[in-house]
Amino acid sequence: MNLDELDRDDENEPGADLVRAENLSVMFGRQMVLRNIQLSIPRGQTLAIIGESGCGKTVLLKTLVGLVKPISGRVLFDDDDLAKLDDKRLTEVRKRMGFVFQNAALFDSMTIRQNVAFPLQQHRMADDDEINERVMDRLAEVGLPPEVAKKRPAELSGGMRKRVGLARALIMEPELLVYDEPTTGLDPIMSDVINELILGTRRRFPVTSIVVTHDMHTARKVADRVLMLFPRTRLAEHESQVLFDGPPSDLEHAEDRRVRQFVRGEAGERLNELIAARG
Ligand SMILES: Nc1ncnc2c1ncn2[C@@H]1O[C@H](COP(=O)(O)OP(=O)(O)OP(=O)(O)O)[C@@H](O)[C@H]1O
């Protein structure tokens, strides 16, 4: 083994950062949604991003995977600055990411087999037999029976569609999996099935995960680390937008009262603010 190979091995070790955001700020028109976000996600970590509606969770997620461009700062994926990559390199990098969207985002006109195979076919990654085998393996991994492959999304329940979405995200064996609200709209039992799948996926593959969620049960159960964002508009000028960054077990005793209120589901002074705003 030469020195270059040794270096590469170091980078792939658990613990080295896969994603790094430096001084990230994002604006839409005149609205500053994110300001000066600093974030490093080591390989193998599962990070949950929480915070009230509209605080910028999804925007942060999209910026970290290069779907939204920051007005300042940068995102490094495995040390590559996403803003500096041309389209071809960005496509290569995206192949290393899997996306599980809120509504599963399946193609209604395609069968489940075609939906799950889509990323492989799009990148012409395998022949038909291999694609078929991989699709069936992934469906089995998310607990779906083989006969589901022939069905169309409309014939499945919401929970089954979410599982198909996860199977599709896994088909490329990504290094980074991002989940946007994976349990929204599901009953508590089906939510827990999805939580267990997220945990099981992490056990089976050495994947790094980012989970945007409103569901504190999900955050506590699947995450090694939780990041809580707060809406920019309600922060004092000097305050950081990240109110909490630590293990889920520390949330209940967080120093910041706004964190404790959020995780306990208490409206606190927010209720008075909303009543005052209504006049
Ligand atoms: N493409 C866009 N163009 C303009 N404004 C946007 C765009 N995407 C998001 N925003 C604004 O950015 C803010 C943060 O949105 P974001 O979707 O990240 O919130 P969130 O914390 O994920 O909320 P929720 O929990 O309700 O999904 C919102 O005010 C939203 O209107």
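Residues numbered from 1 in each chain as written. Predicted model: local features only at pLDDT ≥ 70, side-chain atom pairs only at ≥ 80, totals over all residues. Heavy atoms only, no water.

With that settled, consider the overall build of the protein chain. Tallying secondary structure elements over the protein chain gives 10 helices and 10 strands in all. In the protein chain, buried positions account for 47% of the 279 residues. Within the protein chain, contacts between residues separated by at least 24 positions form 67% of all contacts whose residues are at least 6 apart in sequence. Here the protein chain displays about 14,400 Å² of accessible surface, and carbon together with sulfur accounts for 49% of that area. (Helix = DSSP H or I, 4+ residues; strand = E, 2+ residues; numbered from the N terminus. Buried < 20%, exposed > 50% of the residue type's maximum accessible area, 1.4 Å probe, protein only. Contact = heavy atoms within 4.5 Å. Areas by Shrake-Rupley, 256 points an atom, 1.4 Å probe, with all protein chains shown as cover.)

Quick look at the packing of aromatic side chains now. Evaluation of the coordinates by the stated rule reveals two aromatic pairs. Residues F99 and F101 carry aromatic rings whose centres are separated by 5.9 Å and whose planes lie at 5° to one another, so their mutual orientation is stacked. Taking relative accessible area as the criterion, F99 reaches 19% and is therefore assigned buried. Taking the relative accessible area as the measure of exposure, F101 reaches 39% and is therefore partly exposed. We note R258 situated over the ring of F230; from NZ or CZ to the ring centre the distance is 5.0 Å. (Phe/Tyr/Trp six-rings, centres within 6.5 Å; stacked < 30°, edge-to-face > 60°. Lys NZ or Arg CZ within 6 Å of the ring centre and 35° of its normal.)

A few words now on the pattern of salt bridges. Enumeration according to the criterion identifies 22 salt bridges in this entry. Among the ionic pairs, E52 bridges to R234, the shortest N-O distance being 2.7 Å. Note that E52 is positioned in the loop between strand 3 (46–50) and helix 2 (57–64) and R234 in the loop between strand 9 (225–229) and strand 10 (242–246), a separation of 182 residues in sequence. Exposure remark for R234: the relative accessible area of 25% places this residue in the partly exposed category. (Salt bridge = Lys/Arg side-chain N within 4 Å of Asp/Glu carboxyl O.)

Another point: the sheet that holds strand 5 (residues 80–81). Pairing within the open sheet is antiparallel, and its four strands lie in the order 2-1-4-5. Every interior strand has two partners, whereas the edge strands, strand 2 (31–42) and strand 5, have only one. Relative to strand 2, strand 1 (residues 17–28) runs antiparallel, the two being bridged by eight bridges. Note on strand 2: the bridge partner recorded for L24 is I37. (Pairing = 2+ DSSP bridges.)

Turning to the confidence of the model for the protein chain, a few remarks are in order. When pLDDT is averaged across the protein chain, the result is 87; 89% of the residues are at 70 or more. Here helix 1 (residues 3–12) stands out as the least confident element of the protein chain, with mean pLDDT 46; strand 3 is the most confident, with 97. With pLDDT under 50 throughout, residues 1–11 is counted as low confidence; its partners more than four residues away or in other chains account for five contacts. Model confidence for the complex: the whole-complex pTM is 0.88, and ipTM, which rates the interface, is 0.97. (pLDDT = per-residue confidence, 0-100.)

Another point: the packing of helix 4 (residues 112–122) against helix 5 (residues 128–141). Across the interface, helix 4 lies against helix 5 with an axial gap of 10 Å and an inter-helix angle of 120°. Considered as vectors, helix 4 and helix 5 are oriented oblique to each other. Crossing of helix 4 against helix 5: the hand is right-handed. Contact with helix 4, carried on its side by I112, R113, V116, A117, L120 and Q121, involves I131, N132, R134, V135, M136 and L139 of helix 5 and no other residues of that element. When grouped by side-chain class, the residues that make up the contact of helix 4 with helix 5 number eight nonpolar, two polar and two charged. (Axes fitted to C-alpha atoms, helices over the stretch in contact; angles between N-to-C directions. Parallel < 35°, antiparallel > 145°, perpendicular 65-115°, else oblique. Left-handed = near helix turned anticlockwise from the far one by under 90°. Nonpolar A, V, L, I, M, F, W, Y, C, P; charged D, E, K, R; others polar.)

So, about the sheet that holds strand 3. Pairing in this open sheet of six strands is mixed, and the strands run 6-7-8-3-9-10 from one edge to the other. Among the strands making up the open sheet, the edge pair consists of strand 6 (97–100) and strand 10. Strand-to-strand, the axes of this sheet are offset by a mean angle of 15°, without reference to chain direction.

On to helix 7 (residues 188–204). The end-to-end C-alpha distance of helix 7, which contains 17 residues, comes to 24 Å, matching closely the 24 Å that a straight helix rising 1.5 Å per residue would cover. Taken residue by residue, helix 7 has M190, S191, I194, N195, L197, I198, G200 and T201 as its buried positions. Elements that come into contact with the buried residues of helix 7 comprise helix 5, helix 6 (158–170), strand 7 (176–180) and helix 8 (216–222). (Expected span 1.5 Å × (residues − 1).)

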